[in-house]
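# Observations on the model geometry
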2 protein chains.
Amino acid sequence: MEPDFDATLAFLKALANEQRLRIVGLLTERRRSVQELAALIGLKEPTVCHHLALLNKVGLLEMTAEGNIHWYRLRAEQILALGRSVFGQERINIDPGMDEKRWDRRILENFVEDGQLKQIPASRKKRWVVLRWLADKFKTGEHYSEASVNKIIQKHHWDSATLRRELIGYRMLKRQRGMYWRQPESAWLQA
Amino acid sequence: MEPDFDATLAFLKALANEQRLRIVGLLTERRRSVQELAALIGLKEPTVCHHLALLNKVGLLEMTAEGNIHWYRLRAEQILALGRSVFGQERINIDPGMDEKRWDRRILENFVEDGQLKQIPASRKKRWVVLRWLADKFKTGEHYSEASVNKIIQKHHWDSATLRRELIGYRMLKRQRGMYWRQPESAWLQA
DNA sequence: TAACTGATTCGAAATATATCTAATTAGATA
DNA sequence: TATCTAATTAGATATATTTCGAATCAGTTA
């Protein structure tokens, strides 16, 4: 799905801990030694060391040794870059959900009222949106008789024959030996 | 420190889990029912329910019931807003080294005037800053008699005895057989 | 009403994570 | 070289989280 799913997960896991988040907070101010951090957040040094190792593993830290003091510094650009990549517009679909996409919603607002399809859109593109919404009324994995398909469609529009044919045409429903079932989205024809 | 430390932590914790991140991924495409999600990621429904509850608690989801099917939808604006607030420029200091200096400068502005130390800070942390400034008046590699150490300190404050002792205490100066010399920063005690 | 379906709640068990002490390493000092 | 200090590693234990089966709840259908 995501090529860097694991990286994202690791990044989030590294930050999603009270003490580590505290450490990151302290390191945004300035570089710090292990002792210093341990004193500031009230943990023993080995524990802090363990947390630092985790943060380091995902590339959030930079360490320089001066004598036997190890100075840890936050790689702020890394956090920002990762944060952007995880929470950026490209990654997160701002218009979530099939029938919830803004475009779709506008179409649906125009054509649907109280769950009733007022009119079947003439344009291919708009009809597709409406059909997608209608296909959502069928459960995946379940088989329906033609009668029950009609019944379900008629909850939303009187012309179940046309709409049923359209659903088949766009491959949102599939028919075989008189039974109908919902097709996965991957099988649909594009609008 | 941070007023919304807890909110940030909760948000990160909610996302920092393999299955939940997967769920979020699936929900970016479209709304889904609990069953659907369970089937898609290979978990039992109670488990998915539990994860959904966690995501919901931090405001990432929106649920609408149709009959006894519960549709979960991602509140993408929420994720983006939270992501921005956590990883935004304001929050993360891109240049942590700078900040250290800024803090120091403020202290020095308060305690030093025309090269004169007006007062020895009582707080450890602030005293450390001032002593660091004072240690800078000594050249590295050079050896000083106690008299010349006092003389240098007295250019900046009358109480050379106390300050000399402090410099030794913080290991910024070192003494041996009556001679003093400046220590490298790595040897200093932390404030 | 009874039976059914999807979702949720409740514990218990399994798993993962965080924390500590003790031991070890590496650099600095005597 | 022996000693000191800061950091790290290792191993043990405590704590938190995840997962599931069983029971329950809420809507739908017969």
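Refer to the structure presented above.
First, a word on scope: everything that follows refers to the structure included in this document. Just so it is clear, the model here is predicted, and its values are computed rather than measured. Per chain, residue numbering runs from 1 following the sequence as it is written. Lettering of chains starts at A and numbering of ligands starts at 1, both following the order in which they are written. Owing to the predicted nature of the model, reporting of local features is limited to residues with pLDDT of at least 70; listing and counting of side-chain atom pairs is limited to 80 or more, with chain, interface and lining totals taken over all residues.

### Structural notes on the sheet that holds strand 6 (residues 143–145) of chain A
All names here are of chain A. Strands pair, by our definition, only if DSSP identifies at least two bridges between them. Under the DSSP-based scheme used, a helix requires at least four consecutive residues in state H or I and a strand at least two consecutive residues in state E, with every element numbered from the N terminus. Strand order in the open sheet formed by three strands is 6-8-7, and the pairing between neighbours is antiparallel. Edge positions in the sheet fall to strand 6 and strand 7 (173–176), since each of these pairs with one other strand and no more. For this sheet, the mean inter-axis angle between neighbouring strands, taken without regard to orientation, is 35 degrees. Where strand 6 lies against strand 8 (residues 179–182), three bridges are found, and the strand directions are antiparallel. What sits directly across from Ser145, in strand 8, is Met179. Axis angles are defined between N-to-C directions and span 0 to 180 degrees, where every axis is a line fitted to C-alpha atoms and, for a helix, only to the segment in contact.

### What about the protein's contact with DNA strand D?
Using a C-beta atom placed from the backbone, a residue is described as near a molecule or strand when that atom lies within 6 Å of it. In the vicinity of DNA strand D lie 20 residues, with A:Ser33, A:Gln35, A:Pro46, B:Pro46 and B:Gly67 positioned nearest. With five residues, helix 4 (residues 45–57) of chain A is the largest single contributor of residues to the surface near DNA strand D. Under the grouping applied here, Gly and all other residues not named as nonpolar or charged are polar, the nonpolar ones being Ala, Val, Leu, Ile, Met, Phe, Trp, Tyr, Cys and Pro and the charged ones Asp, Glu, Lys and Arg. A per-class count over the surface near DNA strand D returns eight nonpolar, ten polar and two charged.

### What to know about the protein's contact with DNA strand C
In the region of DNA strand C, 22 residues are neighbours, and A:Gly67, B:Ser33, B:Val34, B:Gln35 and B:Pro46 sit closest. Only helix 4 of chain A together with helix 3 (34–41), helix 4 (45–57) and strand 3 (69–74) of chain B provide two or more residues apiece to the surface near DNA strand C. The dominant element in the surface near DNA strand C, judged by the number of residues it contributes, is helix 4 of chain B, at five residues. Residue composition of the surface near DNA strand C, grouped by class: ten nonpolar, ten polar and two charged.

### Brief notes about the packing of helix 8 (residues 146–154) of chain B against helix 9 (residues 160–169) of chain B
To characterise two packed helices, one gives the angle between the axes of the helices and the distance between these axes. Residues and elements named next belong to chain B. The N-to-C vectors of helix 8 and helix 9 enclose an angle of 110 degrees; their axes lie 9 Å apart at closest approach. Taken together, the axis directions place helix 8 and helix 9 in an arrangement best described as roughly perpendicular. Taking contact as the criterion, the partners of Val149, Asn150, Ile153 and Gln154 in helix 8 are, on helix 9, Ser160, Leu163 and Arg164. Residue composition of the contact of helix 8 with helix 9, grouped by class: three nonpolar, three polar and one charged. Throughout, the term roughly parallel applies to angles under 35 degrees, roughly antiparallel to angles over 145, roughly perpendicular to angles from 65 to 115, and oblique to all others. For the purpose of contact definition, each residue receives a C-beta atom placed from its backbone, and two residues are in contact when these atoms lie within 7 Å.

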